[in-house]
Amino acid sequence: MAFDLSMPILVVDDYSTMIRIIRNLLKQLGFDNVDDASDGSAALAKMQVKKYGLVISDWNMEPMTGYDLLREVRASPELSKTPFIMITAESKTENVIAAKKAGVSNYIVKPFNAATLKTKMEAVFGPDE
């Protein structure tokens, strides 16, 4: 696999059940080093302390959305290269375009499974060797 199974991953979602689901999907794929944050500002605070190999963030959160988090990450010289996958329940074209313009690495529409997550991650990091 082209990605490092030991890399730290940050899952950002304001819904604790969704964090648990994503954590379980990542575990199925072999990732154990997973932290979580309940919104964009909490995620940003964690990212300033620890270097993450990947951020998987929900779009709709309060007070700081995943989209705002993405824009902050891309604007920061220290964080701008961090791979970022956006998750949303809405597949609105304008959201996808906005996220792409803001520099998202990939995009997942809910609901999704481990195979979808793996495919999206491979698109970011490269396929299995």
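On a predicted model such as this, the values are computed, not experimentally measured, just so you know.

Let us look at the environment of P8. Note that P8 resides in the segment before β1 (9-12). Take P8: its relative accessible area is 18%, and that puts it in the buried class. On a C-alpha basis, the gap between P8 and F31 in space is 8.3 Å, while along the polypeptide they are 23 residues apart. Those residues in contact with P8, other than ones at most four positions away along the chain, are N33, K50, K51, Y52, G53 and L54.

Moving on, we come to the sheet that holds β1. Taken in spatial order, the five strands line up as β2-β1-β3-β4-β5 in an open sheet, and their pairing is parallel. With one partner strand each, in any of the chains shown, β2 (34-37) and β5 (106-109) form the two edges of the open sheet. Strand-to-strand twist across the sheet, computed as the mean angle between neighbouring axes with direction ignored, equals 20°. When β1 meets β2, the two strands line up parallel, connected through four bridges. Considered in β2, the bridge of I9 is made with V34. Against the sheet, helix α1 (residues 16-28) contacts β1, β2, β3 (54-58) and β4 (84-88), and its axis sits at roughly 165° relative to β2. Sheet strands in contact with helix α2 (residues 40-49) are β1, β2 and β3, and its direction is about 165° off that of β1.

On to the packing of α2 against helix α3 (residues 66-75), then. How two helices sit against one another is set out by the angle between their axes and by the gap between those axes. Put simply, α2 and α3 touch, their axes get as near as 9 Å, and they point 25° apart. With respect to α3, the axis of α2 lies roughly parallel. Crossing hand, α2 versus α3: right-handed. From α2, G40, A43, L44 and M47 reach across to α3, where they touch L69, E72 and V73. In terms of residue class, the contact of α2 with α3 is built from five nonpolar, one polar and one charged.

This paragraph deals with the packing of aromatic side chains. Geometry of an aromatic ring pair is reported as the spacing of the ring centres plus the angle between the planes. One pass over the structure, following the stated rule, counts two aromatic pairs. Ring geometry for W59 versus Y67: centroids 5.1 Å apart, planes at 10°, classification stacked. The exposure class of W59 is buried, given its relative accessible area of 10%. Aromatic pair W59 and Y107: ring centres 6.5 Å apart, planes at 70°, arrangement edge-to-face. In this pair, W59 is assigned in the loop between β3 and α3 and Y107 in strand β5, connecting sequence segments 48 residues apart. Exposure class is identical for W59 and Y107. Each is buried. One aromatic cluster is present, built from ring pairs that chain together W59, Y67 and Y107.

Conventions we followed
- Residues numbered from 1 in each chain as written.
- Predicted model: local features only at pLDDT ≥ 70, side-chain atom pairs only at ≥ 80, totals over all residues.
- Heavy atoms only, no water.
- Helix = DSSP H or I, 4+ residues; strand = E, 2+ residues; numbered from the N terminus.
- Buried < 20%, exposed > 50% of the residue type's maximum accessible area, 1.4 Å probe, protein only.
- Contact = heavy atoms within 4.5 Å.
- Pairing = 2+ DSSP bridges.
- Axes fitted to C-alpha atoms, helices over the stretch in contact; angles between N-to-C directions.
- Parallel < 35°, antiparallel > 145°, perpendicular 65-115°, else oblique.
- Left-handed = near helix turned anticlockwise from the far one by under 90°.
- Nonpolar A, V, L, I, M, F, W, Y, C, P; charged D, E, K, R; others polar.
- Phe/Tyr/Trp six-rings, centres within 6.5 Å; stacked < 30°, edge-to-face > 60°.

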